[in-house]
Number of protein chains: 2
Amino acid sequence: MTAAALVAVDWGTSSLRGALLDARGQVIAERAAPRGILTVVPGTFPAVFAELFGDWMGQAGHALICGMAGSRQGWAEAPYCPAPAALADLAARLHWVLPGRVGIVPGVTCDMHGVPDVMRGEETQVIGSLRITGLQDATLVLPGTHSKWVQVRGGAIAGFRTFMTGEIFALLAQHSILARTLQDDGGVLDEEAFRVGVRHARDHAAGLLHGAFSARTLSLFDRLPAAAGRSYLSGLVIGEELRAAAPPAGSDVVLTGGEALTQRYAIALEAAGVRGTRIGSEAAWAGLWAIAQALPAR
Amino acid sequence: MTAAALVAVDWGTSSLRGALLDARGQVIAERAAPRGILTVVPGTFPAVFAELFGDWMGQAGHALICGMAGSRQGWAEAPYCPAPAALADLAARLHWVLPGRVGIVPGVTCDMHGVPDVMRGEETQVIGSLRITGLQDATLVLPGTHSKWVQVRGGAIAGFRTFMTGEIFALLAQHSILARTLQDDGGVLDEEAFRVGVRHARDHAAGLLHGAFSARTLSLFDRLPAAAGRSYLSGLVIGEELRAAAPPAGSDVVLTGGEALTQRYAIALEAAGVRGTRIGSEAAWAGLWAIAQALPAR
């Protein structure tokens, strides 16, 4: 029997998942629950944690948590670690909610042209991605509701930018005038329509305010099948993110996240001449394990 | 007593307004009603029109309507007039719903880089703005839910682009994560916060997907008062429209629309070194009058 060594938890806004890791950081078991921080009554985080992971805690004794559980609306606010932030900085600033037993990884903040940016949870996926790839200098892209483009220098998070890509896609698809002509596609990608959207965003650099309207007019003139509308819009919005982030052609990026989304980004990046190395959600476990190993001796 | 000569109606998606014009095109009376086309049961447009304007029709005998009443979801579909579209083209393609008595002005379509764009209602405001200013060559901006940037050459609408500025502002302010920290400001502009948003959009040309997130982070770090949040976001979104539309510094544009919105655009344009001449909603009446005068003899 493998000895359990760490309960690793990625506790986000709308969902939560955990893994039980052995003494080499390998996953023994995984579980997920629809218990994002928005579903937790303030003051009941310890009880919800015990209910979900009490059995694993009995085996492993320790837990590390990353994500929005460390925000003002979460279990306890873990103050942001300023960039540049390396593994040792995150470990040194771990915020213990149950001393010596349960710790929350701090988010990271950086200053871009006088405007702050923030991440919570992605810093851990970055650390994990660096461990998995062995890279010390890289550009990482973590697609999602709020995509992050992260510059890593010498193993530390040097700076990053947030793009509200997933959220604005959902707003346009569900609540805007475009919703009238878009059909539910069950999340199935129409790759050709997606590529057309990416190209349109790249070639007509007038930005999303103008570009998004093409999803309506192409449909009005029967030049975009209703069933392909969501894929086209997805291509437009992701293409706009790429246009703005502007990775140089010929460069490499690490794409960390869920399979469906990193696949779309890989297609869009390829069209821009950028190679994307895809890493799955195991990055969070690798990151939490690396932080656990780096904790100052107690 | 002034003789009534034309009932002029601007019938939009969510609202409707009308004016009774005299034989020189001057406004005798105006009225508005919350009877946008979305509130009208298909097939009942003639009855709604008679209820709202029957008295004026008794005096004037004729009516011209512009706006979404001419769309597929409106009274009757008035096929788009392709650009370049001059006054005479619009008059020649007037779509009569009550022959000789009630006509609908067609919208205009253009092709921009292989992607169609459309307007319905704005073409009439453009014609009116040209009448009011005496211009034959100009760039017109019609801010709104869907802003239009219109190029006029030799008195004709040569081409235009739509920006979903007002709609995306509303989605961000009401339905996105930004809504959590924005306070209702009753539509009162905080000019300083608005200017900061315009500057941010201009100086950090990473587009709205990234820029919008600054409304959250500035608020997180107490660098943007909650009461100024909507003005800042408004500046960001309008600033992004200007960045994308990119009018040359030193140029002039005609700004046609409601006072509150054209004021904001005038401030943002001024920051970009562009002079904006503001024209109010009387542009629609001037446009409908001009079209009525240009109708082919019957």
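Let me sum up the structure you'll find in this document. Everything numeric here is computed off the predicted structure, so don't read it as measured data. (Residues numbered from 1 in each chain as written. Chains lettered and ligands numbered in written order. Predicted model: local features only at pLDDT ≥ 70, side-chain atom pairs only at ≥ 80, totals over all residues. Heavy atoms only, no water.)

**Here's the deal with the layout of surface pockets**
It is a probe the size of a water molecule, rolled over the atoms, that shows where empty space is left.
Here comes step 1: Approximately 1300 Å³ is the volume attributed to the second largest pocket.
Here comes step 2: Taken together, 40 residues make up the lining of the second largest pocket; nearest its centre are Gly-12, Thr-13, Met-68, Glu-122 and Thr-145 of chain A.
Here comes step 3: Contributing elements (two or more residues each) for the lining of the second largest pocket: strand 2 (16–22), strand 9 (115–119) and helix 3 (122–133) of chain A together with helix 7 (214–220) of chain B.
Here comes step 4: By residue number, the principal contributor to the lining of the second largest pocket is helix 7 of chain B, which donates three residues.
Here comes step 5: Split into classes, the residues belonging to the lining of the second largest pocket amount to twelve nonpolar, 18 polar and ten charged. (1 Å grid on protein atoms, 1.4 Å probe; cavity = no way out; pocket = protein on both sides within 12 Å on 5 of 7 lines; lining within 4 Å. Points joined across faces, edges and corners; volume = space filled by probe spheres on them. Helix = DSSP H or I, 4+ residues; strand = E, 2+ residues; numbered from the N terminus. Nonpolar A, V, L, I, M, F, W, Y, C, P; charged D, E, K, R; others polar.)

**Some details on the interface of chain A and chain B**
Here comes step 1: On the chain B side, the residues contacting the 48 residues of chain A number 48 residues.
Here comes step 2: Summed over both partners, the interface of chain A with chain B buries about 4100 Å², with 69% contributed by carbon and sulfur atoms.
Here comes step 3: It is Met-164, Leu-209 and Phe-213 of chain A that lose the most area in chain A upon contact with chain B, and together they represent 18% of the buried surface on that side.
Here comes step 4: Linking chain A with chain B are zero salt bridges, by the criterion used here.
Here comes step 5: Counting every contact that joins chain A to chain B gives twelve residue pairs in polar contact (both at pLDDT 80 or more).
Here comes step 6: Elements represented by at least two residues in the side of chain A that touches chain B include exactly strand 8 (108–112), strand 9, strand 12 (156–163), helix 4 (165–175), helix 6 (207–211), helix 7 (214–220) and helix 8 (229–245) of chain A.
Here comes step 7: Ranked by the residues each element gives to the side of chain A that touches chain B, the list is headed by helix 4 of chain A, at six residues. (Contact = heavy atoms within 4.5 Å. Buried area = accessible area lost by both parts, 1.4 Å probe. Salt bridge = Lys/Arg side-chain N within 4 Å of Asp/Glu carboxyl O. Polar contact = N/O pair within 3.5 Å; in protein donor to acceptor, adjacent residues only side chain to side chain.)

**Some details on empty space enclosed by the protein**
Here comes step 1: By the definition in use, this model includes three cavities of 30 Å³ or more.
Here comes step 2: The calculated volume of the largest cavity comes to roughly 90 Å³.
Here comes step 3: Forming the walls of the largest cavity are His-200, His-204, His-210, Gly-211, Phe-213, Ser-214 and Thr-217 of chain A together with Met-112, His-113, Val-115, Pro-116 and Asp-117 of chain B.
Here comes step 4: Elements that contribute at least two residues to the lining of the largest cavity include exactly helix 6 and helix 7 of chain A together with strand 9 (115–119) of chain B.
Here comes step 5: Per-element tally for the lining of the largest cavity: the top contributor is strand 9 of chain B, with three residues.
Here comes step 6: Classifying every residue of the lining of the largest cavity gives four nonpolar, seven polar and one charged.

**Re the side chain of Thr-162 of chain B**
Here comes step 1: Tracing the chain through its elements places Thr-162 of chain B in strand 12 (residues 156–163).
Here comes step 2: The exposure class of Thr-162 of chain B is buried, given its relative accessible area of 0%.
Here comes step 3: A polar contact of 2.6 Å, which involves the side chain of Thr-162 of chain B, links it to the side chain of Asp-117 of chain B.
Here comes step 4: A polar contact is formed between the side chain of Thr-162 of chain B and the side chain of Lys-148 of chain B, at a distance of 2.8 Å.
Here comes step 5: Look past the residues within four positions of Thr-162 of chain B in its chain and what remains in contact with it is Leu-209, His-210 and Phe-213 of chain A together with Asp-117, Val-118, His-146, Ser-147 and Lys-148 of chain B. (Buried < 20%, exposed > 50% of the residue type's maximum accessible area, 1.4 Å probe, protein only.)

**A short note on the sheet that holds strand 6 (residues 95–98) of chain A**
Residues and elements named next belong to chain A.
Here comes step 1: Spatial ordering of the open sheet is given by 3-2-1-4-7-6, a layout of six strands whose pairing is mixed. The sheet is open, and its two edges are formed by strand 3 (27–33) and strand 6, each paired on a single side. Sheet twist, expressed as the mean angle between neighbouring strand axes with direction ignored, is 20 degrees.
Here comes step 2: Note that strand 4 (residues 63–66) and strand 7 (residues 102–104) share three bridges and pair parallel. The residue bridging Leu-64 from the neighbouring strand is Gly-103, located in strand 7.
Here comes step 3: Its contacts with the sheet place helix 1 (residues 45–60) against strand 1 (4–11), strand 2, strand 3, strand 4 and strand 7, and it is angled at close to 155 degrees to strand 1.
Here comes step 4: Seen against the sheet, helix 10 (residues 282–293) touches strand 1, strand 2, strand 3 and strand 4 and runs at an angle of roughly 125 degrees to strand 1. (Pairing = 2+ DSSP bridges. Axes fitted to C-alpha atoms, helices over the stretch in contact; angles between N-to-C directions.)

**Digging into unusual backbone geometry**
Residues and elements named next belong to chain A.
Here comes step 1: Along the chain, Ala-83 connects to Pro-84 via a cis peptide bond; the corresponding omega equals 0 degrees.
Here comes step 2: Position of Pro-84 among the secondary structure elements: in the loop between strand 5 (81–82) and helix 2 (87–92).
Here comes step 3: One non-glycine residue, His-113, lies in positive phi territory at about 55 degrees.
Here comes step 4: Inspection of the secondary structure assignment puts His-113 in the loop between strand 8 and strand 9.
Here comes step 5: Its relative accessible area of 63% is what places His-113 among the exposed residues.

**Digging into the nonpolar core**
Here comes step 1: Judged by nonpolar contacts, the single largest core of 87 residues is most densely connected at Leu-172, Leu-178 and Leu-233 of chain A together with Leu-172, Leu-178 and Leu-233 of chain B.
Here comes step 2: If near-sequence neighbours (up to four positions away) are discounted, Leu-172 of chain A is found in contact with Leu-178, Ala-179, Leu-208, Ala-212, Leu-233 and Val-237 of chain A together with Met-164, Ile-168 and Leu-171 of chain B.
Here comes step 3: Counting 37 residues, the second largest nonpolar core, distinct from the first, contains Leu-64, Leu-130, Val-152 and Ile-291 of chain B. (Core = buried A, V, L, I, M, F, W, Y, C linked by side-chain atoms within 4.5 Å.)

**Observations regarding the relation of the copies chain A and chain B**
Here comes step 1: Expressed as a screw transformation, the operator carrying chain A onto chain B has a rotation angle of 180 degrees and an axial translation of 0.0 Å, and the superposed copies differ by an RMSD of 0.0 Å. The superposition of one copy onto the other is thereby described by a two-fold rotation axis.
Here comes step 2: Of all interface residues in chain A, 100% are interface residues in chain B too; the two copies therefore contact each other through one and the same surface. (Least-squares fit on C-alpha atoms with pLDDT ≥ 70 in both.)

**A short note on the packing of aromatic side chains**
Here comes step 1: In the structure shown here, the tally under the stated rule is 14 aromatic pairs over all chains.
Here comes step 2: Between Trp-11 of chain B and Trp-75 of chain B, the ring centres sit 6.1 Å apart and the planes meet at 75 degrees, which makes this aromatic pair edge-to-face. Taken as a pair, Trp-11 of chain B in strand 1 (residues 4–11) and Trp-75 of chain B in the loop between strand 4 (63–66) and strand 5 (81–82) lie far apart in primary sequence, 64 residues in all.
Here comes step 3: The class for Trp-11 of chain B is buried, based on a relative accessible area of 0%.
Here comes step 4: The class for Trp-75 of chain B is buried, based on a relative accessible area of 14%.
Here comes step 5: Considering the side-chain rings of Phe-45 of chain B and Trp-75 of chain B, the 6.4 Å spacing of their centres and the 20 degrees angle between planes classify their relative orientation as stacked. Here Trp-75 of chain B lies in the loop between strand 4 and strand 5 and Phe-45 of chain B lies in helix 1 (residues 45–60), a separation of 30 residues in the sequence.
Here comes step 6: Classification of Phe-45 of chain B by relative accessible area gives buried; the value is 2%.
Here comes step 7: Members of the aromatic cluster, each reached through a chain of ring pairs, are Trp-11, Phe-45, Phe-49, Phe-53, Trp-56 and Trp-75 of chain A.
Here comes step 8: Just above the ring of Trp-285 of chain B sits the side chain of Arg-17 of chain B; from NZ or CZ to the centre is 4.5 Å.
Here comes step 9: Its end group placed over the ring of Trp-56 of chain B, Arg-31 of chain B keeps NZ or CZ at 3.9 Å from the ring centre. (Phe/Tyr/Trp six-rings, centres within 6.5 Å; stacked < 30°, edge-to-face > 60°. Lys NZ or Arg CZ within 6 Å of the ring centre and 35° of its normal.)

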